[in-house]
Amino acid sequence: MEKVKIAVLVSGGGTNLQALLDAEGRGEIPSGEIVLVISNVSGAYALERAKKAGVEALTLTKKACGGQAGFEARLREELEARGIGLIILAGFLSILSGDFAAKYPKRIINIHPSLIPSFCGKGYYGLKVHEEALKYGVKVTGATVHYVNEIPDGGEILLQKAVDILPEDTAESLQLRVMRQAEWVLLPKAAELVCKRLTENDQRKGG
Ligand code: GAR
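We now turn to the structure provided with this report. (Residues numbered from 1 in each chain as written. Predicted model: local features only at pLDDT ≥ 70, side-chain atom pairs only at ≥ 80, totals over all residues. Heavy atoms only, no water.)

## Some points on the side chain of Glu-72
Our working definition: Numbering goes from the N terminus for both helices and strands, where a helix is a DSSP run of H or I of at least four residues and a strand is a run of E of at least two. Summary of the burial criterion: residues with accessible area below 20% of their type's maximum are buried, those above 50% are exposed, and those between are partly exposed, where the area comes from a 1.4 Å probe applied to protein chains only. Charge assignment in this entry is limited to Lys and Arg as positive and Asp and Glu as negative, and neither His nor the chain termini are counted. Salt-bridge detection follows one rule: a side-chain nitrogen of Lys or Arg within 4 Å of a carboxyl oxygen of Asp or Glu. Contacts were defined at the residue level, with two residues in contact if any of their heavy atoms lie within 4.5 Å.
Structurally, the position occupied by Glu-72 is in helix H4 (residues 68-81). Despite being buried, Glu-72 has no salt bridge partner; Lys-62 is the closest side chain of opposite charge, sitting 7.2 Å away. Every residue in contact with Glu-72, bar those within four places of it in the chain, is listed here: Ile-95, Leu-96, Ser-97 and Phe-100.

Here's what the structure looks like:
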């Protein structure tokens, strides 16, 4: 059975990318294969992680592409050229347009560091999500993997995992616990879940 070709989009340190690469190495994503990593930020450490794992790594910045439309056009070219079947947003801190998302229905997933629908949507990314959770005073947070549609963080939820907030938490300590207990566990699981669905759909269609 042919594996689904996966592209991972990143913007920063790439610990979620690393979790995906490690899971693939352990044979936990048997229905998919990570073949491409694209960063929208030059010099992102995630690019190094890709290279170390022997995965092709590209940088595409909005600036170099002349804005959002140019960026998305280049992105599509790179994805189409490699026959990508699943796009994983793993700490990709830029919002893709509704038009772009509509081109890949149920073929883009995102990891968000809260229990959606709390602390999500435009402006909620990275450390800011955990700062807001602490400010609000919630006692439980977590992470969510969801399909990407035209609404930021609004697509169908695939997986969620709750994480306790401790009285002494800072945004940084909370971010790390959410990553360790939830994000790095959920994202590889979701990748396999979706790749398996896609390969089963292809088989049913006789593809
Ligand atoms: C992760 O916590 C991810 O959930 C979050 O950014 C961090 C990236 O870390 N993503 C968002 O906030 C998306 N709205 P990483 O580069 O080490 O994977």
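## Structural notes on the side chain of Asp-169
Worth spelling out the cut-off: Side-chain atoms alone can form a polar contact between residues adjacent in sequence; in general such a contact is a pair of N or O atoms within 3.5 Å, and within protein one must be able to donate a hydrogen while the other accepts it.
Within the fold, Asp-169 resides in the loop between strand S7 (157-164) and helix H7 (171-204). Side chain to side chain, Asp-169 and Ser-173 meet in a polar contact 2.6 Å long. Here the side chain of Asp-169 touches Arg-177 through a polar contact of 2.6 Å, side chain to side chain.

## What to know about the site of the ligand
So the rule is basically this: The nearness test applies per residue and asks whether one of its heavy atoms lies within 4 Å of the molecule or strand. Per-residue and other accessible areas follow the Shrake-Rupley method at a 1.4 Å probe size, with only the shown protein chains counted as cover for residues.
Taken together, 14 residues sit near the ligand, with Gly-14, Thr-15, Asn-16, Gly-126 and Glu-183 positioned nearest. One of the backbone N or O atoms of Gly-14 is found 2.8 Å from an oxygen atom in the ligand. Between the ligand and His-112 there is a distance of 3.3 Å, counted from a nitrogen atom to a side-chain nitrogen or oxygen. A total of 450 Å² of accessible area belongs to the ligand in isolation, and the protein chains cover 92% of it.

## A word on the pattern of salt bridges
One pass over the full model with this rule turns up 12 salt bridges. Between Arg-74 and Glu-78 there is a salt bridge, with its nearest N and O atoms 2.7 Å apart. Of this pair, Arg-74 and Glu-78 both sit in helix H4, four residues apart, roughly one helical turn. Among the residues examined, Arg-74 registers a relative accessible area of 33% and is labelled partly exposed. Assessed through its relative accessible area of 13%, Glu-78 is described here as buried. The partner of Glu-156 in a salt bridge is Lys-106, and the shortest N-O contact between them spans 2.9 Å. Within this pair, whereas Glu-156 is found in the loop between strand S6 (140-147) and S7, its partner Lys-106 is found in the loop between helix H5 (98-103) and strand S5 (108-112), the two being separated by 50 residues in sequence. The class for Lys-106 is partly exposed, based on a relative accessible area of 45%. When salt bridges that share partners are traced, they join Glu-56, Arg-74, Glu-77, Glu-78 and Arg-82 into one network.

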